[in-house]
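Examination of the molecular architecture
Okay, here's what each chain looks like letter by letter:
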Amino acid sequence: MNKSDLLNLYNLELEELLKKSADFMTNNIEFCSLVNARNGKCSQNCKYCAQSSYYKTNIDAFPLLDTETVKNAAIDAKKHGASRFAIVTSGKTPDESDFDRIVEMIKEINKIDGLNSCASIGILNEEQAEILADAGLTRFHHNINTCKSYYPEVCTTHTYDERVNTCRLVKKYGMELCCGVILGMGETVEQRVEMAIELAEIQPDSIPINILMPIPETPFENYHDKIDEENILRTLAIFKIANPKSVLRFCGGRMRLSEKHQELALKYCVEGILTGNYLTTTGKKPEDDIKTVKKLGKTLLCTTI
Ligand code: SF4
């Protein structure tokens, strides 16, 4: 589907648009959640991010956790029903010693019966992608964040193309790819459609949808009104129509939607939820998300912590 087809769909009556998106939905909802293994002190200047060292945000920075701590957290997650455990770190790319330790952590997680490993550790080179695949990593998370035409307004210390290259390496080495966006950073409707098309070219297995939660002291701290609830729903529908085989996953910022709009999104466009807290913002308790899934008559596919 091309840009003008998607723009025409975007401008349909909302109900009609949501029904078109629903044609591509299963009745399943997947849950996952994350563990922050390294926080803050990032060399990059992403204008939305609490972890960038360019901005004086109020976060507790900490270096990479040790392998034993991560392993114990993984064992604990398994006890609570997890089937996937994700290591998430700040930074453009892991330095050599952090990378070796992360590979060690992945191998430890894979030894735990019934637990899959997942990682979100920044931009990769070819050698790193191959090492992660050889270590048995099942899924890698790396967002494009916004479309190519808007990327320079969001970050100038690395490029959109570097991000897409990492996504391509993940797929080249046979790992599953989780790749999404942050909405509400000042992009136009056309640029939301561009994101949908660019994601369709990348073909992620899962598309995390974040809605900007403006962080004090970042350049986007006042970006509270760059997207409204109806336009969030319209964008989700367009993403689903352009990416029918990918699971759209509600992530950070979904609390900006009312309960009613969150439920509409889950009914018509979204088949995954990152439950619990996010990296630097608060989310919803898994128990509350489970109640919503039941209320909508959906099937909870798996629990991932
Ligand atoms: S590279 Fe990641 S951690 Fe660093 S500023 Fe950008 S989004 Fe934040």
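Comments concerning helix H11 (residues 286-295)
Buried residues of H11: Asp289, Thr292 and Val293, and no others. For H11, the buried positions fall inside an angular range of 100° around the axis, keeping them on one side. Structural note: H11 exposes Lys291, Lys294 and Lys295 on the side pointing more than 90 degrees away from its buried face. Those residues of H11 hidden inside the fold are in contact with strand E1 (28-32), helix H10 (259-268), strand E10 (272-274) and strand E11 (299-300). Trailing H11 by a residue or two, Gly297 shows a phi angle of about 70°, which is positive.

So, a negative patch on the surface
There is a patch of like negative charges on the surface, built from Asp95, Glu96, Asp100, Glu104, Glu127, Glu130 and Asp134. Residue assignment for the negative patch shows that the elements contributing at least two residues are helix H4 (96-111) and helix H5 (126-134). Within the fold, Glu127 resides in helix H5. According to the relative accessible area criterion, Glu127 is exposed, its value standing at 56%.

With respect to the packing of helix H7 (residues 160-172) against helix H8 (residues 189-202)
In a pair of packed helices, the angle between the axes and the distance between the axes together describe the arrangement. Where H7 meets H8, the axes come as close as 11 Å, and the angle between the chain directions of the two elements is 35°. Counting all contacts with H7, which are made through Tyr160, Val164, Cys167, Arg168 and Lys171, the residues of H8 involved are Glu198, Glu201 and Ile202. The residue inventory of the contact of H7 with H8, partitioned by class, reads four nonpolar, no polar and four charged.

Procedures and definitions
Residues numbered from 1 in each chain as written. Predicted model: local features only at pLDDT ≥ 70, side-chain atom pairs only at ≥ 80, totals over all residues. Heavy atoms only, no water. Buried < 20%, exposed > 50% of the residue type's maximum accessible area, 1.4 Å probe, protein only. Helix = DSSP H or I, 4+ residues; strand = E, 2+ residues; numbered from the N terminus. Arc of directions from axis to C-beta. Contact = heavy atoms within 4.5 Å. Patch = residues over 30% accessible without salt bridge, like charges linked within 9 Å, V, L, I, M, F, W, Y side chains within 5 Å. Areas by Shrake-Rupley, 256 points an atom, 1.4 Å probe, with all protein chains shown as cover. Salt bridge = Lys/Arg side-chain N within 4 Å of Asp/Glu carboxyl O. Lys, Arg positive; Asp, Glu negative; His and termini not counted. Charge placed at Lys NZ, Arg CZ, Asp CG, Glu CD. Axes fitted to C-alpha atoms, helices over the stretch in contact; angles between N-to-C directions. Nonpolar A, V, L, I, M, F, W, Y, C, P; charged D, E, K, R; others polar.

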